[in-house]
Amino acid sequence: MLRQALDAANDVQSTESSLLEQDRDSGSYGATSVSNPDDDQTNENDSNIDEDNEDDENDSYEDDDYEEMKPPTLLQTMWYRIKSCFLVVANVENLWDDPPDPQNRRLSQLIVLFWFVVLACSYATERTTFKLLVDRAGCFRLFAVMMVCAVHALLLGMFMLISSCFKQGQESSKIKLGISVVDVGLMSLLDTVALILMFLSGFHVPPSLTVILVQFTLPLTAFLTQFVHPDGKWTCAPSSATTASDTVEQNERSPGHLTAVPNEALVASPSALFRGYGNYEADNDGQHLLAHGIEAEGEPMQHMGGLSRTHVWGAVIITSAVLLSLVPAVYSIIDPSVFLYADPIPLRTAINTMVYVSSCVPAAASQLYKEHAFLQYRQPVNMNYLNLLLSTFQFIFAAIVAPLVFGLQGLGSRGGTSLYPGSEFQQNMMDGLKCFFWTLSDKDQESKYAEGSYCDFCLGLTIIYALSIICLGVAVDKIVNAGATKVMYRGMSAGIVLAAVTMHAYDLHIIDFNYGPLVDGLNLISVILLILGSEIYHRVPLKESTFETEYPAVHFEYDDG
């Protein structure tokens, strides 16, 4: 009996403990619960409501998952692919010599090849649209100079504005100009003179020669170097400047020292592309040969302005190509009746050809001054900001100089400069504005001035011309940053060939300048010599075209001193 009573007591205690645990789970600690039918109905309703809420939540999750799993539209797919391709080709830092992944070497080469194609096509487009623009502008080609500068500055400003939106907070967006504004003004003045001479005379220059003659800037730069370089043959620099022997001694004190151009110090401009940018590493064998009076390949010769034998030979070959292409013009000056079958006024063509090639003088001077400014300041240069200032200053200088050179548009013609009297300048500028914006009548285009014009595509050609210059600079910057400097020069050579072929095809479809197979053969030989001279000249880089950037000292706000 006692044992049965103890078992009954244990059953009661276990029942009470289980009830207490259920109360704790339900939230009523130490309270007793009495069940009734109303409470059971309420609990059933609550459970139904909870199940409905869970079903609603599951439905919403399923809707979200469905939205996330919805396939992208065609426009979204195209945008993602274009964006991915842009990011791939834009990231070129040291891609050629040191790719991020050795397994992706082929992809790196394809990226550099892409910019190679952009460079060649941009240069050919720049040369082609230049000739088409001056031919269609005709009597408004002086106004076209100002339009080119204005459109280039406008497009570059838009590009900088869009680029700044994507580069906020990055170090590259905080780089200042890097050189004095006065130096930028002098560069712009020289570039403006070269541009005006090209546009004034380019209207009466055979199409193929507009591609060939502009390459004279490179050998002319090498020639002018002999007057301004401390070790030049006819130097005007102070005698205390460093000579070639001093350079050898410095290299011997620090053999194998690498001097590299920082990315921000390279300014891409059409006049600077052939000037031998690249890295230089001192070679002990070359130092040994030079110390014993024997120039190794690429080592500068004494009293030659830092040029090596390879550079001299390349400049000589390019000069020979330019002189060969000038033979018909020289012959026309000696005997104007020789080419009457191809040109109604051969003397006008000859004189304008000489003026066109003379535009290389201020272009070469501008190039030398740019190198001097960069070497003097040795600061990171904001390339886009510099080019924007150059275009803006060129527009201002062109507007100032235009009234003074307005009469030169008739140079070499039978009426001479009287074909464009100064009294017509203001009206010519107003009509030029109408011409570029399609409001000038056909009658005024044909007969209002001494030379006609065709205004249909002038504005479009101006935009394409400015865009090609911008693309040219971007392609040069990308290829140099990838470490493929020689690829850049080969891209320029390909651009020259492509432009020469395009201009020859254009020459066959116009009435003037059909001189026959003899002159066409001379132009072909000139192009071949240009490519050969360029390859020889750029076989080794110019040592003094590179420098180490000197960054300003960092000042801390909480220094102990």
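This write-up is about the structure you can find in this document. (Residues numbered from 1 in each chain as written. Predicted model: local features only at pLDDT ≥ 70, side-chain atom pairs only at ≥ 80, totals over all residues. Heavy atoms only, no water.)

Evaluation of the coordinates by the stated rule reveals 1 disulfide. With a sulfur-sulfur separation of 1.9 Å, C435 is cross-linked through a disulfide to C455. Negative torsions about the S-S bond denote left-handed disulfides, and the value of about -105° found for C435 with C455 makes this one left-handed. Placement of C435 in helix α16 (residues 425–436) and of C455 in the loop between α17 (442–447) and α18 (458–481) is noted, with a sequence separation of 20 residues between them. On the basis of relative accessibility, which here comes to 1%, the residue C435 falls in the buried class. Given the relative accessible area of 2%, C455 is considered buried. (Disulfide = S-S within 2.5 Å. Helix = DSSP H or I, 4+ residues; strand = E, 2+ residues; numbered from the N terminus. Buried < 20%, exposed > 50% of the residue type's maximum accessible area, 1.4 Å probe, protein only.)

Time to look at the nonpolar core. L119 and F199 are the most contacted members of the largest nonpolar core, which has 86 residues in total. Top element by residues in this core is α18. It accounts for 12 residues. For L119, the contacting residues outside a window of four places in its chain are L472, A475, V476, I479, M488, G491 and M492. Listed in part, the 10 residues of the second largest apolar core include L177, V184, A373 and F374. (Core = buried A, V, L, I, M, F, W, Y, C linked by side-chain atoms within 4.5 Å. Contact = heavy atoms within 4.5 Å.)

The next subject is the packing of helix α8 (residues 217–228) against helix α11 (residues 309–325). Interaxial distance between α8 and α11 falls to 8 Å at its minimum, and their mutual angle equals 130°. Considering the angle they form, α8 stands oblique to α11. When you trace α8 past α11, the crossing you get is left-handed. Residues L218, P219 and A222 of α8 lie in contact with α11, whose contacting residues are A315, I318 and T319. Of the residues assigned to the contact of α8 with α11, the class counts are 5 nonpolar, 1 polar and no charged. (Axes fitted to C-alpha atoms, helices over the stretch in contact; angles between N-to-C directions. Parallel < 35°, antiparallel > 145°, perpendicular 65-115°, else oblique. Left-handed = near helix turned anticlockwise from the far one by under 90°. Nonpolar A, V, L, I, M, F, W, Y, C, P; charged D, E, K, R; others polar.)

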